[in-house]
Amino acid sequence: AEPWPENAALYQQLKEEQILLSDNASSLAVQAFLQMCNLPIRVICRANAEYMSPSGKVPFIHVGNQVVSELGPIVQFVKAKGHSLSDGLDEVQKAEMKAYMELVNNMLLTAELYLQWCDDVTVEEITYPRYGSPYPWPLNRILSYQKQWEVRRKMKAIGWAGKTLEQVLEDVDQCCHALSQRLGTQPYFFNKQPTELDALVFGHLFTILTTQLITDELSEKVKNYSNLTAFCRRIEQQYFEGHEKD
Amino acid sequence: EEAELVEVEPESKQEILENKDVVVQHVHFDGLGRTKNEIIMYEIADVFKARNLIDVMRKSHEAREKLLRLGIFRQVDVLIDTCQGDDALPNGLDVTFEVTELRRLTGSYNTMVGNNEGSMVLGLKFPNLFGRAEKVTFQFSYGTKETSYGLSFFKPRPGSFEKNLSVNIYKVTGQFPWSSLRETDRGISTEFNFPIWKTNHTLKWEGVWRELGCLARTASFSVREESGHSLKSSISHAMVIDSRNSSILPKRGALLKINQELAGYAGGDVSFLKEDFEFQLNKQIFWDSVISASLWGGMLVPIGDKPSSIADRFYLGGPTSVRGFSMYSIGPQSEGDYLGGEAFWAGGLHLYTPLPFRPGQGGFGDLFRTHFFLNAGNLCNLNYGEGPRAHLQRLAECIRWSYGAGIVLRLGNIARLELNYCFPMGVQAGDRICDGVQFGAGIRFL
C-alpha cells in the first residue's frame, strides 16, 4: 500500500459562516481519529464541500488519488494503509465498540439534525442564515428549503418526526448516560488507548459543548456528566493543542 | 402582354378584365374567429395600394405569405373578384381571404438532430392565444445527451412580426462524458428580437440555477471541485447577418454571428464577460463545386477573483468542430477529463464537389457531396494579467490541425451527416484523437 502522502486534505464547509453543528461534529471526529493515528492532514474549507463529496456527506478526505467520505469508510481506508487503532481489541470489544458507535450515530447525530432542521426557532435564526450564506438570493433560500425537506423526510422514515424537542433532549440525556457509564473513570473507552469510538464521541460532545445555539439545553445535557466533559478536555489537550483549533 | 381573368358566377355575365388600372375596393376575411382585426390589418395593408391586376395578384400573394408566417392559420386562400353592389366602381375589385385558424391546442411529436446527438421532442402548443398571434408552447425533449422540458410564451409586435418577445422557463439536464460532468440547469429567460436593416438582433436576460456534479466515481478531482450550485444572471446580445441561400450546405453567401454575454451585474454569483463570433463565407466555383471558409473564436474573461466555471468555458474538437479529434477533447485536461478553455479560435477550409461520376443526378444523388477539408484551431486558458501580445502568442503556439476527405449528406434543410477520413496533426499531449474514419451529425459544423 502507498504511504500516507504529505498533501492529504480533509474538506468541510466554511468554518466561520457556514458549517452546521452536525457537520462540524462529523468533521471533528475524523480529524481526531487521524490525529490519534498520527496521520497529518490539512483542513480545507470549501462552500461546496457537501456537493463535492461522493456520498453527499462531509467530511471527505482526498488522499493521493482517492476520495473517501464519512468516518466509517475512512477508518476502513486507513486500515488498508496499515494504520489502525482497534487492532488491539478482541472480538467482543470490537462488537461493543461498533454498538456504541451506532448509538452515537443513531442518537446524538440524529438529535443534532433534529435540532438544526426541525426546531423552528433554530431553523429560522441559525440554520437558514448559515446554510445558505455562500449563495446569492434566491439560491440560498432554495437550497435551505431543499435540504430541510430532505432531512424532514428522513426523520419521518426513522420515526422522529413526531417527537418533541423535550423528547429529543431526553434521548440525548440517555445516550450521554450510557456513554458516561461505559467510560467510567478510564481515560479512554477501551482503557489505555484511544479508538475510533473515542474520536467519534469526542467529535460530537466537544462540538455540542462549544457551539452556541439558541438555548444551552443541549450542552447542559452533556455537562451533567463530568467524566464526559473531562474526557473532551483531555483529548483536546492531547491531540489539538498547538495545532489549528476550532 | 395582356392578362385575362375570367370569373364565372351563377346568374351573372362574364367579365373579362385586361391588364388595366383597377382599384381594390374591399378586402374581406372569411373564417376569423379569435384573431383580432388589428394584426390582420397590418399584414394586408399593401393590397389596397395595388394599381393594376398583376399588382393585385402579387400583393395578395405576399399578404398570404405574411399571414401564414404569423403561425396562426392552417390555411389561407385568396379569391379576387369584381366588385358587386351599389358602390361598385367599374374597375373595382374585391379581394377575399378565406382562412382557417389553427385549433386552440395542438400537439406535436418530432425527432431532432443536434450536434452529435438526437432527441425525441413532444410539444403542446396554444397558438394565437389572445388573438394577436401570441403563442404558449410546452415542450418535452428526451435525447441521447440531454433531457429537457420548458414552457415558453411568445408575443410578436402587431405589424412587425420580426420584432417579438419571448419568455421561457426551462429545466435542462445534460451529460458530458468528455468532462465526466453532469449539469442541471433550471432557468428563466426573457428574449427580445428585432431587426435593424439587414441584421437580426437578440437581447436577452437569463437567470439560471446551475447544478454541476460528477458523472462517475472516477471523475478527476478538478471536476469534483466544480461540483455544486451556482446562480448565473446574465444579459446577452447577439447579432446575426445571414445572406446564405441555405444553412446546410450553402452554395453562396456569408454568415456573421457575434454574441456577447455579461454576467454578474444583476445578481447571481457568476461574473464574467464572454464574447464569441462565427463567420462563414461560401462561393460557387467551376463545375458545381463550392468553396467554403469558416472562422470561429471566443474569449471568456472572468470578472473579480473567482476563477471561471467549467460550465462557461469553451470546448474544441470533434466531428462538428476540429475534425480528427474526439468530441471536445482538445486542450486543458485533468486525468482524462477535459476542462475547456477561456479562449479559442478555429478555422476551416472546405471544398464541396458533387459525387464523382454524379450517380443519381437530379434526384437522390444531389443530396450527397464529396468534401475535402482543412481544419485548425487552438484552445487554452489565458492569464489576463499578461496582455494581448502574450495571449496571441499563446493561441498561436501548439496549433492543432487536421485534413481529410469524406462524404456529406444533407437531411432536408435541417441537418447534415458527414463521414470523413481524417488525419489529425499538431496533436498535443492530452488531446484525444480520432484518426481514420469519423462520423458526425449535426446542424452547426466548422
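Rules used throughout
Residues numbered from 1 in each chain as written. Chains lettered and ligands numbered in written order. Predicted model: local features only at pLDDT ≥ 70, side-chain atom pairs only at ≥ 80, totals over all residues. Heavy atoms only, no water. Pairing = 2+ DSSP bridges. Helix = DSSP H or I, 4+ residues; strand = E, 2+ residues; numbered from the N terminus. Axes fitted to C-alpha atoms, helices over the stretch in contact; angles between N-to-C directions. Contact = heavy atoms within 4.5 Å. Core = buried A, V, L, I, M, F, W, Y, C linked by side-chain atoms within 4.5 Å. Buried < 20%, exposed > 50% of the residue type's maximum accessible area, 1.4 Å probe, protein only. Buried area = accessible area lost by both parts, 1.4 Å probe. Salt bridge = Lys/Arg side-chain N within 4 Å of Asp/Glu carboxyl O. Polar contact = N/O pair within 3.5 Å; in protein donor to acceptor, adjacent residues only side chain to side chain. Nonpolar A, V, L, I, M, F, W, Y, C, P; charged D, E, K, R; others polar. Expected span 1.5 Å × (residues − 1).

Chemist: Give a description of the sheet that holds strand β3 (residues 23-30) of chain B that names residues and reports values.
Modeler: By definition, the strands of a sheet pair up through backbone hydrogen bonds, in either a parallel or an antiparallel sense. Residues and elements named next belong to chain B. Spatially, the three strands line up as an open sheet ordered β3-β5-β4, and their pairing is mixed. Here the strands that pair on one side only, and so sit at the sheet edges, are β3 and β4 (73-82). Strand-to-strand twist across the sheet, computed as the mean angle between neighbouring axes with direction ignored, equals 20°. Of the strand pairs in this sheet, β3 and strand β5 (residues 92-101) are connected by seven bridges, and their pairing is parallel. Bridge pairing in β5 places His26 opposite Asp94. Sitting on the sheet, helix α2 (residues 53-69) touches β3, β4 and β5, and the angle it makes with β4 is about 165°.

Chemist: With reference to specific residues and values, describe the nonpolar core.
Modeler: When a protein is soluble and globular, its nonpolar side chains tend to lie buried together. Core analysis: the largest hydrophobic core is formed by 74 residues, its most contacted members being Trp4, Phe33, Ile61, Val78, Phe202 and Phe231 of chain A. Per-element accounting of this core gives the leading share, eleven residues, to helix α4 (residues 91-118) of chain A. The contact partners of Phe33 of chain A, leaving out residues within four places of it in the chain, are Leu71, Val75, Val78, Leu85, Glu196 and Ala199 of chain A. Of all hydrophobic cores here, the second largest spans 25 residues; its members include Ile44, Phe73, Leu93 and Ala133 of chain B.

Chemist: I'd love a proper account of the environment of Ser144 of chain A, names of residues and values included.
Modeler: Residues and elements named next belong to chain A. Structurally, Ser144 can be placed in helix α6 (residues 139-158). Relative accessible area serves as the criterion here: at 1%, Ser144 is assigned to the buried category. When neighbours within four sequence positions are excluded, Ser144 is seen to be in contact with Trp117, Tyr128, Tyr131 and Gly132.

Chemist: Break down the sheet that holds strand β3 (residues 60-63) of chain A for me, with residues and values.
Modeler: Residue and element names in this part refer to chain A. In spatial order, the strands read β2-β1-β3-β4; together these four strands make up an open sheet with mixed pairing. The outermost strands of the open sheet, each flanked by one partner alone, are β2 (42-45) and β4 (66-69). Each adjacent strand pair in this sheet contributes to an overall mean axis angle of 25°, direction not counted. Pairing between strand β1 (residues 9-12) and β3: three bridges, direction antiparallel. Bridge pairing in β3 links Leu10 to Ile61. Where helix α1 (residues 21-36) meets the sheet, it contacts β1, β2 and β3, and its direction lies at approximately 165° from that of β1. Against the sheet, helix α3 (residues 71-80) makes contact with β3 and β4, and its axis sits at roughly 135° relative to β4, the strand it touches most.

Chemist: So what's going on with the interface of chain B and chain A? Which residues, and what values?
Modeler: On the side of chain A, 18 residues touch chain B, which itself brings 13 residues to the contact. Contact between chain B and chain A buries roughly 1300 Å² in total, counting both sides, with carbon and sulfur atoms accounting for 64%. Sorting the residues of chain B by area buried against chain A places Phe221, Arg224 and His229 of chain B first, and these three jointly supply 41% of that buried surface. In this assembly, chain B and chain A are joined by one salt bridge. Between Arg46 of chain A and Glu225 of chain B there is a salt bridge; the shortest N-O distance is 2.9 Å. Our count for the contact surface shared by chain B and chain A stands at four residue pairs in polar contact (both at pLDDT 80 or more). Among the secondary structure elements, those contributing two or more residues to the side of chain B that touches chain A are α3 (221-225) and β13 (228-242) of chain B. Broken down by class, the residue content of the side of chain B that touches chain A amounts to three nonpolar, five polar and five charged.

Chemist: So what's going on with the side chain of Gln12 of chain A? Which residues, and what values?
Modeler: All names here are of chain A. With respect to the element layout, Gln12 can be found in strand β1. A polar atom in the side chain of Gln12 sits 2.5 Å from the side chain of Ser27. What Gln12 contacts, discounting residues up to four positions off in sequence, is Ile19, Ser27, Gln31, Val43, Ile44, Cys45, Arg46 and Ala49.

Chemist: Give me helix α10 (residues 226-240) of chain A: which residues, what numbers.
Modeler: Residue and element names in this part refer to chain A. Between its first and last C-alpha, α10 extends 20 Å over 15 residues, near the 21 Å set by a 1.5 Å rise per residue. Of all the residues in α10, the buried ones are Asn227, Leu228, Thr229, Phe231, Cys232, Ile235, Glu236, Tyr239 and Phe240. In the core, the buried residues of α10 are packed alongside α1, α7 (165-183), α8 (196-210) and α9 (217-223).

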